[in-house]
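Structural overview
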Amino acid sequence: MTAKPGQGSGSADLLFAVYEPAISYTPPAPWKLSGATGGKLFMLAPRWDAASYLANSTGGGKPDKKGAATFSYVTPLTLSAKQGAEERAEAAHIRTAFLSPLDTKPYMSAKKVPGQTAKDPLHRTVSATRIDKNRAAAVKQCKRYWGANYTQGGTLECDEYPFASTYEGAAEPEFDADAKKFNFSAKPIAKDDNQAGGSILKSFYAKNRIIDGMDDGFIVKIVT
């Protein structure tokens, strides 16, 4: 299915719909089927967008073909904490934030980081200003707890969860007066693991067409 550009809302030309297709099927000869040979599929929830930061935003010279479609469901980002996984240290850090939040820094007695369930998902931001502020707030805590030389000569990087590229990042209270202060985790981890995790997140955003704002959400699943 396609949707004509210009019908949606916002700069991403966002359009939602509900679709319940009715299908029928006939087996090729000489095969025969018994029972029902058609019916209605489960209800689908397609979504179209032409966000400038996602693929095919211009249509490659064909404006009527710009953008793409996906399904508007909460999608899991899967990270592995298994031995040998390139993002292992980052996944282990997030797992600790999920299961033992009081063991993470900065300390906050009521810490409960989002992104664990569909009822409390993460939301992507493409604002460079907000991303930079999120990273700066996380780095501040890495320096606070592990010292100015927390990178150990550049071999470590300050990993933060929720991700800097989300509205729920470390600097969220600067933008939302109702947000809980210190409801995040920051920790120095191996540079390679941190960058691998960043690459996986970037690919996840692109493949699943995660858009900026509160109209889209995703969760994080850690495989152990």
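Residues numbered from 1 in each chain as written. Predicted model: local features only at pLDDT ≥ 70, side-chain atom pairs only at ≥ 80, totals over all residues. Heavy atoms only, no water.

Broken down by element type, the protein carries four helices and nine strands. Ordered by position from the N terminus, the helices and strands of the protein form the series β-β-β-β-β-β-α-α-β-α-β-α-β. Considered along the principal axes of its C-alpha atoms, the protein spans approximately 70 × 40 × 35 Å. Across the 224 residues that make up the protein, the buried fraction comes to 40%. Within the protein, residue pairs in contact and separated by at least 24 positions form 73% of the contacts whose partners lie at least 6 positions apart. Entry remark: accessible area of the protein is about 13000 Å², with carbon and sulfur atoms responsible for 52%. For the protein, the distance from the average position of its 29 positive side-chain charges to the average position of its 23 negative side-chain charges is 3 Å. (Helix = DSSP H or I, 4+ residues; strand = E, 2+ residues; numbered from the N terminus. Buried < 20%, exposed > 50% of the residue type's maximum accessible area, 1.4 Å probe, protein only. Contact = heavy atoms within 4.5 Å. Areas by Shrake-Rupley, 256 points an atom, 1.4 Å probe, with all protein chains shown as cover. Lys, Arg positive; Asp, Glu negative; His and termini not counted. Charge placed at Lys NZ, Arg CZ, Asp CG, Glu CD.)

With that settled, consider the packing of aromatic side chains. Under the criterion given, the structure shown has six aromatic pairs. Judged by centre distance (5.2 Å) and plane angle (85 degrees), the rings of Tyr161 and Phe163 are edge-to-face. Between Phe204 and Tyr205 the ring centres are 6.3 Å apart and the planes differ by 50 degrees, which places this aromatic pair in the tilted class. Judged by its relative accessible area of 5%, Tyr205 is buried. Aromatic ring contacts, followed pair by pair, group Phe98, Tyr161 and Phe163 into a single cluster. (Phe/Tyr/Trp six-rings, centres within 6.5 Å; stacked < 30°, edge-to-face > 60°.)

This brings us to the pairing of strand 4 (residues 46-49). A two-sided burial pattern is seen for strand 4, the buried positions comprising Pro46 and Trp48 on one face and Arg47 and Asp49 on the other. As paired elements, strand 1 (residues 15-16) and strand 4 share two bridges and run antiparallel to each other. When the sheet's bridge partners are listed, Leu15 is paired in strand 4 with Trp48. Note: strand 4 against strand 5 (residues 68-71), four bridges, orientation antiparallel. Bridge assignment links Trp48 to a residue of strand 5, and that residue is Ala69. (Pairing = 2+ DSSP bridges.)

On to the environment of Tyr161. As for its position among the elements, Tyr161 is in strand 7 (residues 156-161). For the pair Tyr161 and Asn194, spaced 33 residues apart in sequence, the C-alpha to C-alpha distance is 11 Å. Apart from residues no more than four positions distant in its own chain, Tyr161 is found in contact with His93, Ile94, Phe98, Val113, Pro114, Gly115, Leu122, Phe184, Ser185 and Val220. At 2.7 Å, the side chain of Tyr161 and the backbone oxygen of Pro114 are in polar contact. (Polar contact = N/O pair within 3.5 Å; in protein donor to acceptor, adjacent residues only side chain to side chain.)

In total, this model carries one disulfide according to the counting rule given. The partner cysteine of Cys142 in its disulfide is Cys158, sulfur to sulfur 2.1 Å. Measuring handedness by torsion sign, the sulfur bridge of Cys142 and Cys158 sits at about 80 degrees and is right-handed. Highlighted residues: Cys142 in helix 2 (residues 128-146) and Cys158 in strand 7, separated in sequence by 16 residues. In this pair, the class of Cys142 matches that of Cys158, namely buried. (Disulfide = S-S within 2.5 Å.)

This next bit is on a nonpolar patch on the surface. A surface patch of nonpolar side chains, about 720 Å² in accessible area, is lined by Ile23, Tyr25, Leu33, Leu41, Phe42, Phe71 and Tyr73. Here Tyr73 lies in the loop between strand 5 and strand 6 (75-80). Note on Tyr73: relative accessible area 41%, which makes it partly exposed. (Patch = residues over 30% accessible without salt bridge, like charges linked within 9 Å, V, L, I, M, F, W, Y side chains within 5 Å. Salt bridge = Lys/Arg side-chain N within 4 Å of Asp/Glu carboxyl O.)

Glancing now at the packing of helix 1 (residues 88-99) against helix 4 (residues 191-207). Direction vectors running N to C along helix 1 and helix 4 enclose 80 degrees, while the axes themselves pass 6 Å from each other. Relative to helix 4, the element helix 1 lies roughly perpendicular. Counting all contacts with helix 1, which are made through Arg88, Ala89 and Glu90, the residues of helix 4 involved are Asp193, Asn194, Gly197 and Gly198. When its residues are assigned to classes, the contact of helix 1 with helix 4 shows one nonpolar, three polar and three charged. (Axes fitted to C-alpha atoms, helices over the stretch in contact; angles between N-to-C directions. Parallel < 35°, antiparallel > 145°, perpendicular 65-115°, else oblique. Nonpolar A, V, L, I, M, F, W, Y, C, P; charged D, E, K, R; others polar.)

This part takes up the environment of Lys202. Mapped onto the elements of the fold, Lys202 is located in helix 4. Exposure remark for Lys202: the relative accessible area of 64% places this residue in the exposed category. Residues Lys202 and Ser165 lie 37 residues apart in sequence; the distance between their C-alpha atoms is 9.5 Å.

For the rest of this paragraph, the subject is helix 2. For helix 2, which comprises 19 residues, the first-to-last C-alpha distance of 26 Å matches the rise-based estimate of 27 Å (1.5 Å per residue) to within 8%. Every buried residue belonging to helix 2 is among Arg130, Ile131, Asn134, Ala137, Ala138, Gln141 and Cys142, and all of these are buried. Burial along helix 2 is one-sided: seen end-on, the buried residues are contained in an arc of 140 degrees. For helix 2, the exposed residues set more than 90 degrees away from the buried face come down to Ala128, Lys140 and Arg144. (Expected span 1.5 Å × (residues − 1). Arc of directions from axis to C-beta.)

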